[in-house]
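These are the residues of each chain, in order.
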Amino acid sequence: MSFKFNSSRRQSVSFTLTACALAAALAGCGGGQDSMAGNQNATLAQAGIESGNENQQTVSYSSETAESGNVNYDPELAGLQPSANSGVEISGDAAVDPAELAAEGGAEQAAGAERESIKSVSTGASATTPGNVSVPYPTINNLSVQWAISGDANLNGVVSVRYRPSGTSTWYTGMALRRVADGSSNDGSFSWTNRHSGSIMGLKANTSYDIELTLKDPDGGSTVRTVTARTRAVPAPMANAPVKNVTPSNFASVAAAAQPGDILQLAAGTYSGFSFGKNGVAGKPIVIRSSGGAVINGNIDVTGREYVHLHGLTINGRVRFNNSKHLSITRNTVKITSDIDGITSRLRSEGAYIADNIVTGPTPWATGSLGVYGNNGGEGIVVNGPGHVIQNNRVKGFRDNISMMEASEAVDQYSIDIINNDLEVGADDAIEADYCFHNCRVIGNRIRNSFDGISAQPTLGGPAYFIRNVMYNVTYMPFKLNNGSNGNVILHNTVVKNGDAFGVYSSVAIKNILMRNNLFIGGPSAGSFGGYSTGSGRVMSIQALESKSFNMNHDALGSTSGSFNARLGGNSFSSLSSLQGGTTAKNTISIGLNAFAASVAYPSAPMTQYAMPDLRLKAGAAAENKAIRIPNVNDSFTGTAPDMGAFEVGAAMPVYGPR
């Protein structure tokens, strides 16, 4: 479905939130199983969170502007019209034979009281029958919202979102919930139910919010629901906690006697790896920390633990936290020298906070390391289960630097935040957000010298959000949307890479993809690395897609090759005007490396370990003031309209990695 948007804009005001402390306990948060049925046969802000010390963080999301009349929001993302899934096909300059491409390749706890009003009569299969609203596993700054429905066979129901801190009067506009039709993964091993689903982002920690959801379906079932949910508190030691002084000689006895609320203060020295067998409780975590000089030679195992914090340690080995709840792993230095994970929960855990760590692995940036069959191993940080926050870590030298679990091993992977991490030398993926059920939020990460940037192969209905990530010298795909990935929302990212600027080379069609305000630049191909070509220099190359549910607009695309060529499924385009005329990309523009304020070299030799360039736009760049308004994502723009790409012109550089 092609849309033409009003090009006039209004400038909004900035709204900055202050959240206290770094950490994450699931204070007052509900659990339960996700509504996805795992028929298992066997992954907004003006680039993110800028923080001070460990007890104070300032959240500078460009997220909130009070409602102010006629704001020219993107109509789909503001809930003013249905998703682009009417069945209108993309048409281009030249068709590719479609036969060459593959055309197809539990109950959550509601948070707070739910109120309903303004019902309309529901009649027929096209009418919506509203079900329960839930807010599963709040994180520190974000809330996931799920509204189960039946009916709406024609998929024209929309849910707009408003929110406010409880007890206040000013409402803010959120992104509309995404319409997720029931479906299943390409291999049939996962299925999901009919719903509206989405996230409210950039919120204050440990704060109650009223959320107003307005469902409109012209066929019937329209109604308004209001729920209340609280973001998680940040983890911190108990006030006036008893401090137990620990040395290498007495560690075992002090650890065995630890009680909820205790702080085990490790003195400088060398300690053996250990398994810890005690639990804290909510408000009284057990904290194992060092102010400096405590070196653990060996693995740390906190499997099955609850409310345990690891802070400020140097660990020459792995940290494993399988089957845990509410763990906090912060400001550690983890060094891995073999093919094992760094910080890992391969079995289902809940609500971990993994922040401000430095995790280094043994994998070099070399052709032989690249790809799924490369000489690489281990995950830098890997999680399974809901409610995790992975934030401001620096990770380098692994198969996947940050990862979720795959296939039958993936359990309840939703409400997960991967935010403001600094990532280099991901020999397969810098971020592997595969098998996200819904509401995985990959926001404001910086990626360089990696094979793939962000993997979502597949997303399982979604939505999965990829917002304001910055990538340079990604060899193969910036977004790996393979295996019939379904339900990805790709907003305000900046990519400069060799070959195709944006490529997806799977023969299985991607579905329900929405792209807005991105900036992608490619160029001449340097060839193949690890058996995979960087691409021929197209601005976009997608082998197979479901055209009725693929919606892109207001993106900046370019190639240093001097040409503008794109392929979308069975159609090719040889100019910007043909792409605009034959797709939803009516407001897409052409862009080049001269758009940046700093000098940015084209990564012509991908196996060079490049330093990360500054990819902020210069004043007057073609992408300035050309983005579309998106509620809760770019409201704090500073010009006549938001800017395309990850940064507003003149914005300060976000804090990537440890704060």
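Now for a quick tour of the structure. Owing to the predicted nature of the structure, the values given are computational and were not obtained by experimental measurement. (Residues numbered from 1 in each chain as written. Predicted model: local features only at pLDDT ≥ 70, side-chain atom pairs only at ≥ 80, totals over all residues. Heavy atoms only, no water.)

Describing the overall build of the protein chain
Counting its regular elements, the protein chain contains two helices and 51 strands. The 659 residues of the protein chain split such that 63% are buried. In the form shown here, the protein chain has an accessible surface area of approximately 20,600 Å², with 48% of it arising from carbon and sulfur atoms. (Helix = DSSP H or I, 4+ residues; strand = E, 2+ residues; numbered from the N terminus. Buried < 20%, exposed > 50% of the residue type's maximum accessible area, 1.4 Å probe, protein only. Areas by Shrake-Rupley, 256 points an atom, 1.4 Å probe, with all protein chains shown as cover.)

Comments concerning unusual backbone geometry
Glycine aside, residues mostly have negative phi angles, and peptide bonds mostly take the trans form. The amide bond that connects Gln 457 to the next residue, Pro 458, takes the cis arrangement and shows omega of -5°. With respect to the helices and strands, Pro 458 occurs in the loop between strand S35 (452–455) and strand S36 (460–467). Of the consecutive residues Gly 462 and Pro 463, the connecting peptide bond is found in the cis state with omega at 5°. As for its position among the elements, Pro 463 is in strand S36.

Quick word on the pairing of strand S32 (residues 422–432)
In terms of burial, S32 is a largely internal element, eleven of the eleven residues being buried. Sheet topology note: the strand S30 (residues 394–404)/S32 ladder contains seven bridges and is parallel. Each bridged residue has a counterpart across the sheet, and for Asp 400 the counterpart in S32 is Asp 429. The pairing of S32 with strand S34 (residues 446–450) spans three bridges and is parallel. Across the sheet, Asp 422 pairs through a bridge with Arg 446, a residue of S34. Note: S32 against S35, three bridges, orientation parallel. The residue bridging Glu 432 from the neighbouring strand is Ser 455, located in S35. (Pairing = 2+ DSSP bridges.)

Here's the deal with the nonpolar core
Membership of the largest hydrophobic core comes to 77 residues, with the highest contact counts inside it found for Leu 264, Leu 266, Phe 276, Met 540 and Phe 550. Here this core takes four residues from S30, the largest share from any one element. Judged by nonpolar contacts, the second largest core, of 25 residues, contains Leu 519, Ala 556, Leu 593 and Leu 617. (Core = buried A, V, L, I, M, F, W, Y, C linked by side-chain atoms within 4.5 Å.)

As for the pattern of salt bridges
Opposite charge on two side chains allows them to pair when their charged atoms are near. Following the criterion strictly, the structure yields 20 salt bridges and no others. Across the pair Arg 178 and Glu 76 runs a salt bridge, and its minimum N-O distance is 3.0 Å. Residue classification places Arg 178 among the buried residues on the basis of a relative accessible area of 11%. Linking Asp 635 and Arg 629 is a salt bridge whose minimum nitrogen-to-oxygen distance equals 2.7 Å. Accessibility assignment for this pair places Asp 635 and Arg 629 in one class, buried. (Salt bridge = Lys/Arg side-chain N within 4 Å of Asp/Glu carboxyl O.)

Quick look at the environment of Asn 186
Counting through the fold element by element, Asn 186 comes out in the loop between strand S10 (183–184) and strand S11 (191–192). Judged by its relative accessible area of 38%, Asn 186 falls in the partly exposed class.

Things to note about the pairing of strand S9 (residues 172–180)
With nine of nine residues buried, S9 is to be regarded as a mostly interior element. Bridge count for strand S8 (residues 158–165) against S9 is four bridges, and the pairing is antiparallel. Bridge assignment links Val 159 to a residue of S9, and that residue is Leu 177. Two successive antiparallel strands, S8 and S9, enclose a turn made up of six residues, where Gly 167 displays a positive phi of approximately 90°. The pairing of S9 with strand S12 (residues 195–200) spans three bridges and is classified as antiparallel. The residue bridging Arg 178 from the neighbouring strand is Ser 197, located in S12.

Nothing here speaks to function; it is all geometry.
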